[in-house]
Amino acid sequence: MKDTLLQLLQQAIAQLKVEGLLENDFEARLQVTHTKDKSHGDLATNLAMMLAKPIGKSPRDVAQLIINALPESQAIKKVDIAGPGFINFFMAQDAQSAVIKSVIEQSSQFGHNNVGNNKKVQVEFVSANPTGPLHVGHGRGAAVGDCICRLLNATGWDVTAEFYYNDAGQQINNLALSVQARCKNKTPDDSGWQDDWYRGEYIVDVANDYMTKASIDAEDQHVTGKGDPDDLDAIRHFAVAYLRREQDLDLKAFAVNFDNYFLESSLYEDGKVEATVNRLVDNGFTYEDGGALWLKTTDFGDDKDRVMRKKEGGFTYFVPDVAYHLDKFQRGFERVINEQGADHHSTITRVRAGLQALNQGIPQGYPEYVLHQMVTVMRGGEEVKISKRAGSYVTLRDLIDEVGRDATRYFLAARRAESQLTFDIELAKSQTNDNPVFYIQYAHARICSTLREIVKQSREYSQEIGVENLNLLTLEHETQIMDKMSQFPDLVNAAANNCEPHVIAHYLRELAALLHGYYQAGKEDESLRWIVEDNNVCQARLTLITAVRQVLANGLELLGVSAPESM
RNA sequence: GCGCCCGUAGCUCAGCUGGAUAGAGCAAUCCCCUCCUAAGGGAUAGGUCGCAGGUUCGAAUCCUGCCGGGCGCGCCA
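As the structure is a prediction and not an experimental result, all values here were calculated from the model.

Points about the overall build of chain A
Per the secondary structure count, chain A includes 20 helices and 17 strands. Seen through its principal axes, chain A has C-alpha atoms that stretch 85 × 65 × 40 Å. Residues classed as buried in chain A amount to 51% of the 567 residues present. Carbon and sulfur atoms make up 45% of the accessible area of chain A, which totals about 25,900 Å². In chain A, the 58 positive side-chain charges and the 80 negative ones have mean positions that sit 2 Å from each other.

Considerations on the nonpolar core
By size, the foremost hydrophobic cluster in this structure holds 94 residues, and its most contacted members are Ile 100, Val 126, Phe 258, Tyr 410, Phe 423 and Met 485. The leading source of residues in this core is helix 20 (residues 535-559), at 13 residues. For Ile 100, the residues in contact, after removing those within four places along its chain, are Leu 470, Leu 473, Met 482, Met 485, Thr 543, Leu 544 and Ala 547.

Remarks on the protein's contact with RNA strand B
Lining the immediate surroundings of RNA strand B are 60 residues, of which Phe 86, Asn 433, Tyr 442, Ser 449 and Tyr 519 lie closest. Looking at RNA strand B alone, sugar and phosphate atoms form 62% of those within 4 Å of the protein. Within the side chain of Asn 88, one N or O atom sits 2.9 Å away from a base nitrogen of RNA strand B. Taking Arg 416, its main chain carries an N or O atom lying 2.9 Å from a phosphate oxygen of RNA strand B.

Focus: helix 18 (residues 476-497)
For helix 18, with 22 residues, the first-to-last C-alpha span of 32 Å sits near the 32 Å given by 1.5 Å per residue. Its maximal kink placed at Phe 488, helix 18 deviates by approximately 35 degrees, while the proline Pro 489 follows within four residues.

Some words on the sheet that holds strand 16 (residues 382-384)
The mixed open sheet is built from three strands, whose spatial order is 16-15-17. Both edges of this open sheet fall to strand 16 and strand 17 (421-424), since each of them pairs with a single strand only. On average, adjacent strands in this sheet sit at an angle of 40 degrees to one another, irrespective of strand direction. Sheet topology places strand 15 (residues 375-379) next to strand 17; four bridges connect them, and they run parallel. Residue pairing across strands places Val 375 opposite Leu 421, the latter belonging to strand 17. Those strands touched by helix 14 (residues 405-413) are strand 15 and strand 17, and its axis lies near 160 degrees from that of strand 17.

Quick word on the sheet that holds strand 3 (residues 76-82)
Ordered in space as 1-2-4-3, the four strands form an open sheet in which the pairing is antiparallel. Of all the strands in the sheet, the pair left with one neighbour each is strand 1 (32-34) and strand 3. In this sheet, adjacent strand axes meet at a mean angle of 25 degrees when their direction is disregarded. One ladder, built from three bridges, connects strand 1 with strand 2 (residues 43-45); its direction is antiparallel. Note that in strand 2 the partner of Val 32 across the bridge is Thr 45. Here helix 1 (residues 2-18) sits on the sheet and contacts strand 1, strand 2, strand 3 and strand 4 (86-91); the angle it forms with strand 1, its principal contact strand, is near 150 degrees.

Some thoughts on the pattern of salt bridges
One pass over the structure, following the stated rule, counts 25 salt bridges. With a closest N to O distance of 2.9 Å, Asp 302 and Arg 306 form a salt bridge. Note on accessibility: Asp 302 and Arg 306 belong to one class, buried. Salt-bridge contacts for Lys 456 lead to Glu 453; the nearest nitrogen and oxygen are separated by 3.7 Å. Linking Lys 456 with Glu 453, this pair stays in helix 16 (residues 436-456), spanning three residues, or about one helical turn. Assessed through its relative accessible area of 67%, Lys 456 is described here as exposed.

Quick look at the packing of aromatic side chains
Counting across every chain of the model gives 20 aromatic pairs. Aromatic pair Phe 163 and Phe 258: ring centres 5.3 Å apart, planes at 90 degrees, arrangement edge-to-face. Of this pair, Phe 163 sits in strand 6 (residues 158-165) while Phe 258 is found in the loop between helix 8 (232-253) and strand 9 (260-263), placing the two residues 95 residues apart along the sequence. Per residue, the accessibility class of Phe 163 equals that of Phe 258, and both read buried. Ring geometry for Phe 262 against Tyr 324: centres 4.6 Å apart, planes inclined by 45 degrees, an arrangement best described as tilted. Placement of Phe 262 in strand 9 and of Tyr 324 in helix 11 (residues 318-330) is noted, with a sequence separation of 62 residues between them. Using a relative accessible area of 10% as the deciding quantity, one classes Phe 262 as buried. Tyr 324 gets classed as buried once you look at its relative accessible area, which sits at 0%.

Brief notes about the domain arrangement of chain A
Along its sequence, chain A is organised into domain 1 (2-91), domain 2 (134-161 + 260-429), domain 3 (170-253) and domain 4 (436-559). Contacts between domain 2 and domain 3 engage 11 residues on the former and 15 residues on the latter. Taken as a group, Leu 134, Tyr 261 and Arg 389 account for 55% of the area that domain 2 buries against domain 3, more than any other trio of residues on that side. Connecting domain 2 to domain 3 are one salt bridge. Between Asp 250 and Arg 397 there is a salt bridge whose closest N-O contact spans 3.2 Å. Where domain 2 packs against domain 3, one counts four residue pairs in polar contact (both at pLDDT 80 or more). Where the side of domain 2 that touches domain 3 is concerned, the elements lending two or more residues are strand 9 and helix 13 (396-403). At three residues, helix 13 tops the list of elements feeding residues into the side of domain 2 that touches domain 3.

Some remarks on the packing of helix 4 (residues 93-106) against helix 20
Contact geometry for helix 4 and helix 20: axes closest at 9 Å, N-to-C directions at 55 degrees. Our classification of the angle between helix 4 and helix 20 gives oblique. As helix 4 packs across helix 20, the resulting crossing turns out to be left-handed. Of helix 20, the residues touching helix 4 (which contributes Ile 100, Val 103 and Ile 104) are Thr 543, Leu 544, Ala 547, Gln 550 and Val 551.

Cut-offs and rules
- Within any chain, residue numbers begin from 1 and follow the written order of that chain's sequence.
- The naming scheme follows written order: chains are lettered A onward, ligands numbered 1 onward.
- Only residues with pLDDT of at least 70 get local features here, since the model is predicted, and only at 80 or more are side-chain atom pairs given and counted; chain-wide, interface and lining totals rely on the full set of residues.
- By convention in this description, side-chain values take in all heavy atoms of the structure and omit both hydrogens and water.
- Helix numbers and strand numbers start at the N terminus; a helix is a DSSP run of H or I with at least 4 residues, a strand a run of E with at least 2.
- Relative accessibility under 20% of the residue-type maximum defines a buried residue, over 50% an exposed one, and the middle range a partly exposed one, all with a 1.4 Å probe and only protein chains included.
- For the accessible areas, the method is Shrake-Rupley and the probe is 1.4 Å, while residue cover comes only from the protein chains on display.
- The convention is simple: Lys and Arg are positive, Asp and Glu are negative, and His and the chain ends are not counted.
- Lysine's charge is taken at NZ, arginine's at CZ, aspartate's at CG and glutamate's at CD.
- By convention a nonpolar core is built from buried Ala, Val, Leu, Ile, Met, Phe, Trp, Tyr and Cys residues, the set being connected through side-chain atoms within 4.5 Å.
- Residue contacts are defined here by distance: any two heavy atoms, one from each residue, within 4.5 Å place the two residues in contact.
- Being near a molecule or strand, for a residue, comes down to having at least one heavy atom within 4 Å of it.
- Within 3.5 Å is the distance limit for a polar contact, defined as a pair of N or O atoms, with the added protein rule that one can donate a hydrogen and the other accept it, and that residues adjacent in sequence qualify only through two side-chain atoms.
- Any helix carries an expected span of 1.5 Å times its number of residues minus one.
- A residue's bend is given by the angle between axes fitted to the 7 residues ending at it and the 7 residues starting at it.
- The pairing criterion for strands is at least two bridges between them, as found by DSSP.
- Every axis in this analysis is a line fitted to C-alpha atoms, fitted for helices over the stretch in contact. Angles between the N-to-C directions lie between 0 and 180 degrees.
- The salt bridge criterion pairs a side-chain nitrogen of Lys or Arg with a carboxyl oxygen of Asp or Glu, the two atoms within 4 Å.
- Stacked, tilted and edge-to-face are the three classes assigned to paired rings of Phe, Tyr and Trp, where Trp is represented by its six-membered ring and a pair needs centres within 6.5 Å; plane angles under 30 degrees give stacked, over 60 edge-to-face, the rest tilted.
- The domain limits used here are those given by an automatic or database domain assignment.
- Once two parts are put together, the accessible area they lose, assessed with a 1.4 Å probe and summed over both, is termed the buried area.
- An angle below 35 degrees is treated as roughly parallel, one above 145 as roughly antiparallel, one from 65 to 115 as roughly perpendicular, and anything else as oblique.
- The handedness criterion is simple: a crossing whose near helix is rotated anticlockwise from the far helix by less than a right angle is left-handed, and one whose near helix is rotated clockwise is right-handed.

Structure follows, in structure tokens:
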């Protein structure tokens, strides 16, 4: 419907050029939007206001010129000039109901496109170090990152989901020492327990399994406990594998999958860190000062230079980070998107500076970042801060166990990443219309239920008859729903381009509301029910709601939330 | 002090690559549904879009300066 109109307007612009009203090389940024208010028609364009200056007439006069230049079309019922110079289009019913045919034809692909053209994109997210169970913040990253993958996938990109972690740094050392202490039956209350050791209960489990020589199979780690409390290296390997497995279980429960796990240690083993440093030195962007090696990040917009190699030796964390991103670039990713907590914001300038200093033709804005703000978990108006297992923070697992995967995913993905998020446990758990997840899922289930009901009544749903009678869908409820569905493809495209899964969540709430309202109309006026005597009307309506079911399912799929057939 | 993010209805949030009277849910008040699921629907009320300037035909949206909140400012990751 929108595409048709865009084409017609292009023709009108061409016609205006033929008539000499517009310069031939003028390129209009054509915008057609779905109207908010039905009295403004179905679609509207601000073209006249954009052309007012180049043509040199008032917007409303220009609007008339555009309308005159518009080719005849069956799709348009009426055209109005309104307000400061908007052109409002009222579309013919069959142009509106065409969306139903599109949904039927494209089915699970409806809303998808191929703008990515199968180019490679990598999304790195979660990337938690294996020092404990995932917390809510990781959960937000997991939800947002996974949804971005789904969106990019739906828009034709070849997506690689990657998890990067440090398996060798000081934090891991502390982890090993904590486990070793537990192996020797020390507790955080004992003297000698260091401040930076991990105190959570889960450390006891790691220690017990290590001592009883258990085997650990994580996605990317396979280790058997040695049982020797004095072998710190063995403890370290075991603990890393154990906590990676722990995180795998959390992610699996959250329906998040990764294509690749990348170890920071591999960058050292493969000589990539050294190669990166040499390259930076060779390119003249480094200097020595106070026994340390510095990178001139100020040459690339940083507010001060950064240390690369510490006085005592050893690189700072951002050096392997640069090596890692060079590796991503060399793996041929057209785009790289890093989803991280906003507390890591300061690394952006450093990593990008490092990449530019490598002088390898890496684009300036590479990699892209999506940063999410903090999550506050509330229960009954009180902030929840601790979990028994992890001690100092609320784990993702706590949430999934208590409110379920679907609700957790929805709530963590339904906010703009840049906004701080309040996760209300009571709300997420409630099974009423307060809770958008249930509300949306119920809309889907309600349609499924109706299709079961028709069978109970010894009738059957015929898509063929329905499609033949789409012209009977003239109720306001029906046109609103068709209009809403026709917005879905643009919405998905925008959500993917901007890495904003939350717009999908909001859209689904709105579509579900229209569906419930449509249903309710039948409660008040029997002739408006979906299942009615007149078979043509009935089939047309069933075809409509079946299309709605498909769009709801497609949207929920993008969020990784299930679409139940009954509840 | 510097950098980034946020500030929209009582609450939780959309809208922000400028467009028509600023939207939704919850909470509040009132009403409807013996029916395909009462796990639903409708109505009313609720706003100086943090404040002040600027840009322009037009600003919640862009720019500047303030105010308030969060995060980050390590030779930690």
